[in-house]
Amino acid sequence: MNAAKKQSEGGYALLAAMVLLALGIIVSTGILDSATTNLKTRSLVKTRADQYYEVEATLNKTVSWLQTNSKNIVKAFTEGEFDNNFTLGQPVAGDNEAEFFSVPTLVKIKGTDSSPMLSNNAFFGTASFPQTTNIDTGAAFDPITSFAGADLGKANARVVMMWARETNANFEPIFRIDVVTGNNPDRGVHSYSFVYSTLVSGGAPPGFFGKESVNLQTPNNECASYEYAHAGAVWNRGAQRSNCPIASDGPVSTRAKIYGTVSTNMDGGLTLNPPSGDVSGDVCQAAGCHTYTLPVVQTWEDYCPAHNGDKTINANTTYATGGCWRNITINNNKKLSLTDTTAPYYINEINYGGNNAVLDFGVIPEGEKVRLYVGRLNSNNHINGNKLFNTANAPHQVEIYYLGTETLVLNGTAEMNAHIIAPNAEVQVNGNFNFYGGIKAKILNILGVAHLGYDEALGMSLGISDINFTLKKASQRYR
């Protein structure tokens with residue numbers, strides 16, 4: 001019995017040991033699993049934290065890229081350039097955006113359904129952005145290639161233009177920046193932020209500019225300035241003032257009195273011809289005296305791949321909506337009025353079919369303007385002041401872009417109120433003619449007894465020298 005009892009007790013002891021061993025293994029396994037889970041959790045938390053840091057670093061580098069290249073891209077948003085590059089419309093996602101992170105934008109690349117977009121990863125879609133030039137040096141710049149090759153950190157970035165705010169005929173873009181970790185859009189950290197911009201003015205542009213030369217050829221010519229005041233529904237031109245700004249990259253020659261300033265980037269570029277050639281204000285004649293450059297314009301065909309064809313105006317007619325026409329003929333004693341202050345008018349050729357045919361601009365609300373892009377005026381490219389009727393408005397409210405290369409002649413015994421830009425042509429002002437507003441051309445020649453009157457409000461549309469960016473509304477999430 002004692003032997004059996006001892007054998008039984010030994011079995012119980014062995015069983016107890018085995019139970020304790022099993023309990024130890026269970027506890028150890030639990031501790032090990034807990035440690036593994038904790039390690040995985042810590043690793044996941046660290047990975048996410050690292051990804052958040054990556055996203056933040058790339059976001060900051062992307063904003064820095066915009067600011068570093070501000071002078072390379074700002075010209076795309078300036079007056080005369082913006083309409084060549086972009087169109088504003090309804091909020092629709094661009095057809096160049098991929099399925100991931102696509103957003104409706106109010107801006108599209110001109111002539112396409114693509115959103116203005118820069119990116120460094122194809123899963124965002126296909127980058128699309130205008131080629132630009134540096135506003136100071138004129139050097140060509142490719143934003144798409146530059147952004148794709150930039151060191152923006154470990155994450156992937158996209159910049160898409162959402163909208164642009166108009167300010168003095170220039171535009172301040174608003175961008176959305178998306179930053180994503182890794183190459184799997186369904187995994188990782190995603191941030192999206194908005195970047196607002198502010199244009200930087202570089203001084204008032206000249207009122208009368210001839211890139212290659214400016215010449216006031218007779219003692220009867222003169223250039224003065226005027227301040228226009230809006231009272232009720234009427235614009236009143238004030239007394240003559242001495243703030244007429246004339247500029248050129250080349251020589252400026254005058255036999256007349258210039259009541260204002262002259263700036264030429266040519267050393268010793270000003271010639272005062274006696275006995276009456278004189279400048280009342282400051283004169284600067286050396287490299288860097290001004291930074292103004294003529295805007296780039298396209299041909300009428302480039303602006304208008306589709307158009308409304310030819311029109312003959314046989315009765316007084318108003319085109320209240322901008323758009324494209326090929327050739328318009330205004331018959332004698334008839335008037336064509338262009339009144340849209342939002343969309344420009346693009347007309348290949350305007351012909352006047354009689355002495356009393358008139359192109360009119362109605363009554364333009366204060367603070368707004370009508371823009372006309374025209375390739376030719378009459379068969380001889382001469383325009384008499386009484387055929388372009390704008391006496392109801394201030395000169396700065398009618399902006400005419402002459403797209404041609406032939407000399408544009410403004411003449412007659414009349415007055416004309418307008419701001420004319422002719423980047424590729426000579427403009428002549430002659431006859432017994434008073435021109436009020438501003439002219440910017442390849443060459444500017446003033447003949448006869450023509451007088452120039454600068455609308456000082458054009459100086460309020462200051463030349464743009466740069467653009468500043470501000471990051472707003474940053475948001476991050478884990479996918």
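The structure this text deals with has already been given above.
The text that follows walks through the structure, step by step, so that each part is easy to find. (Residues numbered from 1 in each chain as written. Predicted model: local features only at pLDDT ≥ 70, side-chain atom pairs only at ≥ 80, totals over all residues. Heavy atoms only, no water.)

**Quick look at the pattern of salt bridges**
As a reminder, the rule being used: Salt bridges are identified by distance alone: a Lys or Arg side-chain nitrogen within 4 Å of an Asp or Glu carboxyl oxygen. The way it works is that DSSP assigns letters per residue, a run of H or I at least four long becomes a helix, a run of E at least two long becomes a strand, and they are numbered from the N terminus. Only protein chains enter the area calculation, which uses a 1.4 Å probe; residues under 20% of their type maximum are buried, those over 50% are exposed, and those in between are partly exposed.
Following the criterion strictly, the structure yields 14 salt bridges and no others. The residue Arg 371 makes a salt bridge to Asp 83 at a minimum N-O spacing of 2.2 Å. Remark: Asp 83 occurs in helix H3 (residues 82-85) and Arg 371 occurs in strand E26 (residues 370-377); sequence separation between them is 288 residues. Grouping residues by exposure puts Arg 371 and Asp 83 together as buried. Note that Arg 158 is salt-bridged to Asp 178, the shortest N-O span being 2.5 Å. One end of the pair, Arg 158, is in strand E6 (residues 156-167); the other, Asp 178, is in strand E7 (residues 170-180), with 20 residues separating them in the sequence. Arg 158 sits in the buried class, given a relative accessible area of 0%. Taking the relative accessible area as the measure of exposure, Asp 178 reaches 0% and is therefore buried. Within this structure, Glu 97, Arg 158, Arg 176 and Asp 178 form a network of salt bridges that share partners.

**With respect to the packing of aromatic side chains**
The test is simple: Here the aromatic set is Phe, Tyr and Trp, taking the six-membered ring for Trp, and pairing holds for ring centres within 6.5 Å; pairs whose planes are under 30 degrees apart are stacked, those over 60 apart are edge-to-face, and all others are tilted. Whether a charge sits over a ring depends on NZ of Lys or CZ of Arg being within 6 Å of the ring centre and within 35 degrees of the ring normal.
Under the counting rule described, the total for this entry stands at 19 aromatic pairs. Taken together, a centroid distance of 5.1 Å and an interplanar angle of 45 degrees make the contact between Phe 82 and Phe 86 tilted. According to the relative accessible area criterion, Phe 82 is buried, its value standing at 2%. Sitting over the face of the ring of Tyr 226, Arg 237 holds its NZ or CZ atom 5.5 Å from the ring centroid. A cation over a ring is seen here: Lys 472 above Tyr 196, with NZ or CZ 4.7 Å from the ring centre.

**Remarks on empty space enclosed by the protein**
Condition: In the cavity and pocket records, a cavity denotes points on a 1 Å grid over the protein atoms alone where a 1.4 Å probe fits but cannot get out, a pocket denotes an open set with protein on both sides within 12 Å along at least 5 of 7 lines, and lining residues are residues with an atom within 4 Å of a point. Grid points are joined across faces, edges and corners, and a volume is the space filled by probe spheres set on the points.
One pass over the full model with this rule turns up 2 cavities of 30 Å³ or more. In this structure, the largest cavity occupies an estimated 60 Å³ of space. For the largest cavity, the full set of lining residues is Thr 78, Glu 79, Gly 80, Phe 82, Asp 83, Glu 166, Ala 169, Phe 171, Lys 369, Arg 371, Glu 399 and Tyr 401. Elements supplying a minimum of two residues to the lining of the largest cavity: H3 and strand E29 (398-402).

**Examining the state of the cysteines**
So the rule is basically this: Criterion for a disulfide: a pair of cysteine sulfur atoms within 2.5 Å.
Following the criterion strictly, the structure yields 3 disulfides and no others. Here Cys 284 connects covalently by a disulfide to Cys 289, the sulfurs 1.8 Å from one another. The chirality of the disulfide connecting Cys 284 with Cys 289 is left-handed, given an S-S dihedral of about -75 degrees. Residue classification places Cys 289 among the buried positions, given a relative accessible area of 17%. Numbered by position along the chain, the disulfide-linked cysteines of the protein connect as 1-2, 3-4, 5-6.

**Brief notes about unusual backbone geometry**
Of note, the bond from Pro 274 into Pro 275 is cis; its omega dihedral lies within 30 degrees of zero at 10 degrees. Along the chain, the position of Pro 275 falls in the loop between strand E17 (270-272) and strand E18 (278-279). Phi is positive for Asn 333, which is not a glycine, with a value near 65 degrees. Summarising the element assignment, Asn 333 is placed in the loop between strand E22 (323-331) and strand E23 (335-338). Even without being glycine, Asn 381 reaches a positive phi, approximately 60 degrees. If you trace the backbone, Asn 381 turns up in the loop between E26 and strand E27 (382-384).

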